[in-house]
Amino acid sequence: MKTALTIAGSDSSGGAGIQADLKTFSAHGVYGMSVIVSITAQNTQKVEEVEDLSPRIIGAQLDAVFSDITVDAVKIGMVSNPEAIRVIAEKLIQYKPKFIVLDPVMVSKSGYDLLQPEAKNVLIEKLLPLATIVTPNLFEAERLINNGEITTIEGMKEAAKQIYALGPQAVLVKGGHLEGDAVDVFYDGKQFETFEEERIETKNTHGTGCTLSSAIASHLAKGEALEEAIEGAKTYIQGAIRHSLSIGHGSGPTNHFFQWFKN
Ligand SMILES: Nc1ncnc2c1ncn2[C@@H]1O[C@H](COP(=O)(O)OP(=O)(O)OP(=O)(O)O)[C@@H](O)[C@H]1O
Ligand SMILES: Cc1ncc(COP(=O)(O)O)c(N)n1
């Protein structure tokens, strides 16, 4: 069985973060493992509190996994602070996993900062160059390049190019927050490709970015080429949003088992 590792924050409500990633890996038939960077007390309405784990225990989790198990793909989500980012980068350079999908999580859908402001430049410097692909949403893409608001597909293409110049092997700028269809723009330094699905009208989009990035990691772990992996992940996220769950009083989670259990 192929394996994937998520390095991210825990979401107590199970809709985003580590929990969404592990459910996504399972739904793809990939064996999931986790390195927890931070613990959030959150639900579908808000993030109440965040507590970061020490760089020491983050490093120890990474050593424990990589020293024993072959990791076919890594997904990185919420990394919270500069010290955590530094130890993650150091260990990834040491262990050299074949694929790294970096979701540069900055702010929760409910508006809480999940990346400390001073950590942004460390993420750019230390993690972007290690990424097989980085998957910012519009807000994150704007913050990565500090070049104004992105409001069009052309703007997403320009942003993808500028983010590519920061060192990742490829970029997928997600258009979930744009008007109209859900269009994501891919750039790998050679060509652009757009991945398009019909927009689904729902408030239940908690964890969509986490789900998409771990679905890409799952497909890469199974040996698919990058564009094929994105295509597969985009089909998956569409089903997971279409059958998303009205759990809680706020923005409900994606449904990872929609093939078997439609809500
Ligand atoms: N309402 C929707 N209908 C269809 N696809 C959507 C919808 N909202 C988001 N998507 C898709 O879901 C994926 C995640 O995009 P989004 O821009 O929401 O990421 P995100 O903001 O990082 O997510 P989150 O922070 O909630 O985890 C993208 O492929 C996007 O196109
Ligand atoms: C631990 C963790 N990681 C990521 C997100 C982003 O997801 P969303 O933007 O849907 O709130 C989150 N809320 N919590």
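Residues numbered from 1 in each chain as written. Chains lettered and ligands numbered in written order. Predicted model: local features only at pLDDT ≥ 70, side-chain atom pairs only at ≥ 80, totals over all residues. Heavy atoms only, no water.

Per an unreviewed UniProt entry, the protein goes by Hydroxymethylpyrimidine/phosphomethylpyrimidine kinase and derives from Terrilactibacillus tamarindi. Recorded in UniProt under Sequence similarities (unreviewed entry), the annotation for the protein is "Belongs to the ThiD family." (UniProt positions renumbered as here; feature names shortened; annotations may be inferred.)

Participant: What exactly am I supposed to notice about the overall build of the protein here?
Facilitator: Across its full length, the protein carries eight helices and nine strands. Projected onto its principal axes, the C-alpha positions of the protein cover 45 × 40 × 35 Å. Taken over 263 residues, the protein has a buried fraction of 56%. A separation of at least 24 residues holds for 67% of the contacts in the protein among residues at least 6 apart in sequence. A total of about 11300 Å² of accessible surface is found on the protein, and carbon and sulfur atoms cover 50% of it. Where the 23 positive side-chain charges of the protein centre and where its 33 negative ones centre are 3 Å apart. (Helix = DSSP H or I, 4+ residues; strand = E, 2+ residues; numbered from the N terminus. Buried < 20%, exposed > 50% of the residue type's maximum accessible area, 1.4 Å probe, protein only. Contact = heavy atoms within 4.5 Å. Areas by Shrake-Rupley, 256 points an atom, 1.4 Å probe, with all protein chains shown as cover. Lys, Arg positive; Asp, Glu negative; His and termini not counted. Charge placed at Lys NZ, Arg CZ, Asp CG, Glu CD.)

Participant: Looking at this structure, how should I read the site of ligand 1?
Facilitator: By nearness alone, 20 residues border ligand 1, and Lys109, Lys174, His177, Asp184 and Gly209 come closest of all. Here an oxygen atom of ligand 1 and a backbone polar atom of Gly176 are 3.2 Å apart. Contact with the protein chains removes 94% of the 620 Å² of surface that ligand 1 exposes when unbound. Split by residue class, the shell around ligand 1 holds six nonpolar, eight polar and six charged. (Near = heavy atom within 4 Å. Polar contact = N/O pair within 3.5 Å; in protein donor to acceptor, adjacent residues only side chain to side chain. Nonpolar A, V, L, I, M, F, W, Y, C, P; charged D, E, K, R; others polar.)

Participant: What am I meant to see in the side chain of Asn137 here?
Facilitator: Here Asn137 shows up in the loop between strand S6 (133-134) and helix H5 (138-145). Judged by its relative accessible area of 14%, Asn137 is buried. A distance of 3.2 Å separates a polar atom in the side chain of Asn137 from the backbone nitrogen of Phe139. Leave out the neighbours within four places in its chain, and Asn137 touches Lys174 and His177.

Participant: Please explain the pattern of salt bridges as it appears in this structure.
Facilitator: Pairing between side chains of opposite charge can happen when the charged atoms of each approach one another. Scanning the entire structure with this criterion turns up eight salt bridges. Residues Lys91 and Asp63 are paired through a salt bridge, measuring 3.1 Å at the closest nitrogen-oxygen approach. Taken together, the positions of Lys91 in helix H3 (residues 82-95) and Asp63 in helix H2 (residues 55-66) put the pair 28 residues apart, joining distant regions of the chain. (Salt bridge = Lys/Arg side-chain N within 4 Å of Asp/Glu carboxyl O.)

Participant: Please explain the packing of H3 against helix H4 (residues 120-127) as it appears in this structure.
Facilitator: How two helices sit against one another is set out by the angle between their axes and by the gap between those axes. Across the interface, H3 lies against H4 with an axial gap of 9 Å and an inter-helix angle of 5°. Relative to H4, the element H3 is oriented roughly parallel. Residues Pro82, Ile85, Arg86, Ile88 and Ala89 of H3 form the contact with H4, whose participating residues are Val122, Leu123, Lys126 and Leu127. Tallied by class, the residues present in the contact of H3 with H4 amount to seven nonpolar, no polar and two charged. (Axes fitted to C-alpha atoms, helices over the stretch in contact; angles between N-to-C directions. Parallel < 35°, antiparallel > 145°, perpendicular 65-115°, else oblique.)

Participant: Would you mind showing me how to read the site of ligand 2 here?
Facilitator: Taken together, the neighbourhood of ligand 2 is formed by 13 residues, with Gly9, Gln42, Lys109, Leu114 and Gly207 sitting nearest. Between Gln42 and ligand 2, the recorded distance is 2.8 Å, taken from a side-chain N or O atom to a nitrogen atom. One of the backbone N or O atoms of Lys109 is found 2.9 Å from an oxygen atom in ligand 2. Of the residues belonging to the shell around ligand 2, the class tally is five nonpolar, seven polar and one charged.

Participant: Just to check I follow, could you spell out the packing of aromatic side chains for this structure?
Facilitator: In this description, a pair of aromatic rings is defined by centroid distance and the angle of the planes. The full count for this structure, using the stated rule, is six aromatic pairs. Here the aromatic rings of Phe186 and Phe195 are separated by 6.3 Å at their centres, their planes lie at 85°, and the arrangement is edge-to-face. Their ring planes at 50° and their centres at 5.6 Å tell us that Tyr236 and Phe258 sit as a pair that is tilted. Here Tyr236 is found in helix H8 (residues 226-242), whereas its partner Phe258 is found in the segment after H8, with 22 residues between them in sequence. Grouping residues by exposure puts Tyr236 and Phe258 together as buried. Three or more aromatic residues joined by ring pairs make a cluster, and in this case those are Tyr164, Tyr187 and Phe192. Against the face of Phe192 rests Lys157, its NZ or CZ located 5.6 Å from the ring centre. (Phe/Tyr/Trp six-rings, centres within 6.5 Å; stacked < 30°, edge-to-face > 60°. Lys NZ or Arg CZ within 6 Å of the ring centre and 35° of its normal.)

Participant: Just to check I follow, could you spell out unusual backbone geometry for this structure?
Facilitator: Note: most peptide bonds trans; most residues except glycine with negative phi. At Lys96, a residue that is not glycine, the phi angle is positive and equals roughly 50°. As for its position among the elements, Lys96 is in the loop between H3 and strand S5 (100-102). Given a relative accessible area of 65%, Lys96 falls into the exposed group. Even without a glycine there, the phi angle at Asn146 is positive, about 50°. By relative accessible area, Asn146 is classed as exposed at 58%.

Participant: Just to check I follow, could you spell out the nonpolar core for this structure?
Facilitator: Within soluble globular proteins, side chains that are nonpolar generally end up buried alongside one another. Ranked by size, the top nonpolar core spans 45 residues in total, and within it Leu5, Ile7, Ile76, Ile88 and Leu127 carry the most contacts. If you tally residues by element for this core, the top one is H3, at six residues. Excluding anything up to four places from it in sequence, Ile7 contacts Val35, Val37, Leu62, Val74, Lys75, Ile76, Gly77, Ile88 and Leu92. In terms of nonpolar packing, the next biggest core, distinct from the first, is built from 28 residues, Phe99, Ile200, Ala217 and Ala233 among them. (Core = buried A, V, L, I, M, F, W, Y, C linked by side-chain atoms within 4.5 Å.)

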